[in-house]
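Tertiary structure, described
Here is what each chain is made of, one letter per residue.
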Amino acid sequence: MAGGLVVGLITKTDANPFFVTMKEGALRRADQLGVELQTFTGLYDGDTDAQVRAIETLLAVEAEGVLITPSDPAALRDLVGQAREAGVLVIALDTPFDPPNAVDATFATDNFRAGELIGMWARARMGAGVMDARIATLDGSSAQVTVEVLRNQGFLHGLGIDLADPRRMYDENDPRIVGSSATMGTEAGGRSAMERLMREHPAINLVYAINEPAAAGAYMALRSLGMADDVLIVTIDGSCSGVRSVAAGEFGATAMQYPLRMAILGVEAVVESLTTGRKLANTPGLDFHDTGAALVTEAPVAGVPSIDTSRGLSECWG
């Protein structure tokens, strides 16, 4: 037991089931371990001010540890550094900092690999037609946050597109990429972005969305235009609603993440490190602890490992 420990969990927003699942899992595990877990979240994905206030509050109450899914790692790096200098253990969940050693540890999906899986799948699924693809990317924000860059660049790499600088988006020189837009990771953002992009580029036939809420909005826009059957959508998350969208044919594939695993491992790591002083270990060969990813599709392709939606529904969240 770790009675007496005060730890904070700071997520991006309660509007996304991913972070709700993470919070619920962290609260359950903290309760089992006797940890006082104080939770904070922003009003929307990108609400960095709310995350700054949360860290300041946790410093004021002398919390020993902080688990955070940073909305903007670059904007939070200095404050996180101050917290660590004050003796607070800081662990990133889901979204890495740059450099990774700006925090004590990171528990996250290999987001580049998750993007790569859906890109490889789309490439194989489209066959020779991929050379004439008209691609739209529905990204998170305009800030080029680490998780957004990793997923976007992983997708394009898996699709076979040359990356100019894999640490940045939108510097590729491939005519197949006809448009990109920020969605803030929301359904409304995905829908409005898709509507605008289809007006500008009506031949779009492949859509990458940073997460399933944005993908759901894109599908709604395409359905309202009578073009849902003409455009292949791929995305990342692995929520139960997203897996059902794959089963229904609304999405071609999604890359499943495991937010519950991130939350549980994050809480356990905080407790272990604070009570034993043991250094937190990364997955061999990586600069973070990989919590896993699995491609979910009803149309498996050779050379790309995947699970079907029946298994996906047994492993999904939200």
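The following refers to the structure shown. Here the structure is a predicted model, which means the values were calculated and not measured.

What counts as what
- Residues numbered from 1 in each chain as written.
- Predicted model: local features only at pLDDT ≥ 70, side-chain atom pairs only at ≥ 80, totals over all residues.
- Heavy atoms only, no water.
- Helix = DSSP H or I, 4+ residues; strand = E, 2+ residues; numbered from the N terminus.
- Buried < 20%, exposed > 50% of the residue type's maximum accessible area, 1.4 Å probe, protein only.
- Contact = heavy atoms within 4.5 Å.
- Areas by Shrake-Rupley, 256 points an atom, 1.4 Å probe, with all protein chains shown as cover.
- Pairing = 2+ DSSP bridges.
- Axes fitted to C-alpha atoms, helices over the stretch in contact; angles between N-to-C directions.
- Phe/Tyr/Trp six-rings, centres within 6.5 Å; stacked < 30°, edge-to-face > 60°.
- Lys NZ or Arg CZ within 6 Å of the ring centre and 35° of its normal.
- Right-handed = clockwise from strand over helix to strand, strands pointing away.
- Parallel < 35°, antiparallel > 145°, perpendicular 65-115°, else oblique.
- Left-handed = near helix turned anticlockwise from the far one by under 90°.
- Nonpolar A, V, L, I, M, F, W, Y, C, P; charged D, E, K, R; others polar.

As a further point, take the overall build of the chain. Along its length, the chain carries ten helices and twelve strands. Principal axes of the C-alpha set define a box for the chain whose edges measure 60 × 35 × 35 Å. Scored against the burial criterion, the 318 residues of the chain give a buried share of 55%. If you take every contact in the chain between residues at least 6 apart in sequence, the share linking residues at least 24 apart comes to 71%. When the accessible surface of the chain is split by element, carbon and sulfur atoms take 49% of a total near 13100 Å².

Moving on: the sheet that holds strand S8 (residues 206-209). Spatially, S7-S6-S8-S9-S10-S12 is the arrangement adopted by the six strands of the open sheet, whose pairing is mixed. The open sheet has two edge strands, strand S7 (177-182) and strand S12 (294-297), and neither has a second partner. Between one strand and the next, the sheet's axes are offset by a mean angle of 15 degrees, whatever the strand orientation. Strand contacts of helix H6 (residues 187-200): strand S6 (135-139), S7 and S8, with the helix running at about 150 degrees to S7, the strand carrying the most contacts.

To continue, consider the packing of aromatic side chains. Evaluation of the coordinates by the stated rule reveals three aromatic pairs. For the pair Phe18 and Phe19, a centre-to-centre distance of 5.1 Å together with 80 degrees between the ring planes defines the contact as edge-to-face. Here Phe18 matches Phe19 in class, with each residue buried. Where Phe18 meets Trp317, the ring centres are 5.3 Å apart and the plane angle is 80 degrees; that geometry is what we call edge-to-face. Residue Phe18 is located in helix H1 (residues 17-33), and its partner Trp317 is located in the segment after helix H10 (309-315); the two are separated by 299 residues in the primary sequence. Like Trp317, Phe18 is buried. Against the face of Tyr258 rests Arg261, its NZ or CZ located 4.2 Å from the ring centre.

Taken in spatial order, the six strands of this open sheet run S2-S1-S3-S4-S5-S11, and their pairing is parallel. Across the chains shown, the open sheet's two edge strands, defined by having one partner strand only, are strand S2 (36-42) and strand S11 (289-290). In this structure, strand S1 (residues 6-13) lies alongside strand S3 (residues 65-68), joined through four bridges in parallel fashion. Its bridge partner being in S3, Ile10 is matched across the sheet by Ile68.

The next subject is the pairing of S3. Side chains Gly65 and Leu67 project from S3 onto one buried face, and the interleaved Val66 and Ile68 project onto a second face that is buried too. Of the strand pairs in this sheet, S3 and strand S4 (residues 89-93) are connected by four bridges, and their pairing is parallel. Within S4, the residue paired with Ile68 across the bridge is Ala92. Viewed along the sheet, the connection from S3 through helix H3 (residues 73-85) into S4 turns out right-handed.

This part covers the packing of helix H4 (residues 111-126) against helix H5 (residues 146-159). Packed helices, taken two at a time, are described by the angle their axes make and the gap between the axes. Where H4 meets H5, the closest approach of the two axes is 6 Å, and the angle between their N-to-C directions is 30 degrees. In this view, H4 runs roughly parallel relative to H5, as classed from their interaxial angle. Judged by the sense of rotation from one axis to the other, the crossing of H4 with H5 is right-handed. Judged by residue contacts, Asn111, Phe112, Gly115, Glu116, Ile118, Gly119, Met120, Ala122 and Arg123 of H4 engage Val147, Leu150, Arg151, Gln153, Gly154, Phe155, His157, Gly158 and Leu159 from H5. Among the residues forming the contact of H4 with H5, the class breakdown is eight nonpolar, seven polar and three charged.

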